[in-house]
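Here is what each chain is made of, one letter per residue.
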Amino acid sequence: GLGLGWGDLCPRCRTERSRRAARLANRISLAATLMMGLYVALTLPPDPMARIYGAVAVLATYIIVRRIAGRVAMETMK
């Protein structure tokens, strides 16, 4: 058949779900990044090398949390 398979979404529904999941993932990752940035700012010594590693950790937090939250949102969203 030419119809949708069991559990599949039409292209329009998939696009809408993807858009909503991306928006939710962005909010979650920004909150996690803010918390990580606060933690790094308060706990790391003023050594410039430590600050660079802290900045890399904050950036990595954003990227990793956004990917995970986006995937989870796509799987669980109705």
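Figured I'd write up the structure that's included with this text. Just so we're clear, the structure is a prediction, and the values are computed from it rather than from any experiment.

Observations regarding the pattern of salt bridges
Part 1: Under the counting rule described, the total for this entry stands at 1 salt bridge.
Part 2: For E16, the salt bridge identified is with R19, shortest N-O distance 3.3 Å. With E16 and R19 both in helix α1 (residues 11-43), this residue pair falls 3 residues apart, about one helical turn.
Part 3: We classify E16 as partly exposed; its relative accessible area is 34%.
Part 4: Look at R19 and you get partly exposed, because its relative accessible area is 48%.

Notes on the environment of A31
Part 1: Assignment of secondary structure puts A31 in helix α1.
Part 2: Between the C-alpha atom of A31 and that of R20, which follows or precedes it by 11 residues, the distance is 17 Å.

Structural notes on the environment of Y62
Part 1: One can find Y62 in helix α2 (residues 48-76).
Part 2: We classify Y62 as partly exposed; its relative accessible area is 25%.
Part 3: Between the C-alpha atoms of Y62 and P11, which are 51 residues apart in sequence, the distance is 28 Å.
Part 4: Discounting chain neighbours no more than four positions away, the residues touching Y62 are N26, S29, L30 and T33.
Part 5: A distance of 3.0 Å separates the side chain of Y62 from the side chain of N26, its partner in a polar contact.

Details of the environment of S18
Part 1: For S18, the location among the structural elements is in helix α1.
Part 2: On the basis of relative accessible area, S18 is assigned to the partly exposed category, the value being 36%.
Part 3: Between the C-alpha atom of S18 and that of G70, which follows or precedes it by 52 residues, the distance is 8.3 Å.

Remarks on a nonpolar patch on the surface
Part 1: On the surface, L59, I63, I64, I68 and V72 cluster together into a nonpolar patch covering about 470 Å² of accessible area.
Part 2: Assignment of secondary structure puts I64 in helix α2.
Part 3: Residue I64 is classed as partly exposed on the basis of its relative accessible area, which comes to 49%.

Section: the side chain of T61
Part 1: Note that T61 resides in helix α2.
Part 2: When near neighbours in sequence (up to four residues on either side) are disregarded, T61 contacts A32, T33 and M36.

Rules used in this analysis
In every chain, residue numbers begin from 1 and rise along the written sequence. Thresholds applied to this predicted model are a pLDDT of at least 70 for local features of residues and 80 or more for the giving and counting of side-chain atom pairs; totals over whole chains, interfaces and linings are not thresholded and use all residues. Side-chain numbers come from the whole structure's heavy atoms, not from hydrogens or water. Every case where a carboxyl oxygen of Asp or Glu lies within 4 Å of a side-chain nitrogen of Lys or Arg is listed as a salt bridge. Strands here mean DSSP runs of E at least two residues long; helices mean DSSP runs of H or I at least four residues long; both are numbered from the N terminus. When accessible area is computed with a 1.4 Å probe and restricted to protein chains, residues below 20% of their type maximum are described as buried, those above 50% as exposed, and intermediate ones as partly exposed. It only takes one pair of heavy atoms within 4.5 Å for two residues to be counted as in contact. Think of a polar contact as two N or O atoms within 3.5 Å of one another; within protein, one of them needs to be a possible hydrogen donor and the other a possible acceptor, and neighboring residues in sequence only count if both atoms come from side chains. Within this analysis, patches are made of residues with over 30% relative accessible area and no salt bridge. Like charges are joined at 9 Å or less; nonpolar side chains (Val, Leu, Ile, Met, Phe, Trp, Tyr) at 5 Å or less. Per-residue and other accessible areas were derived by the Shrake-Rupley procedure at a 1.4 Å probe size, with only the shown protein chains allowed to occlude residues.

Scope: geometric values only; no functional claims are made or implied.
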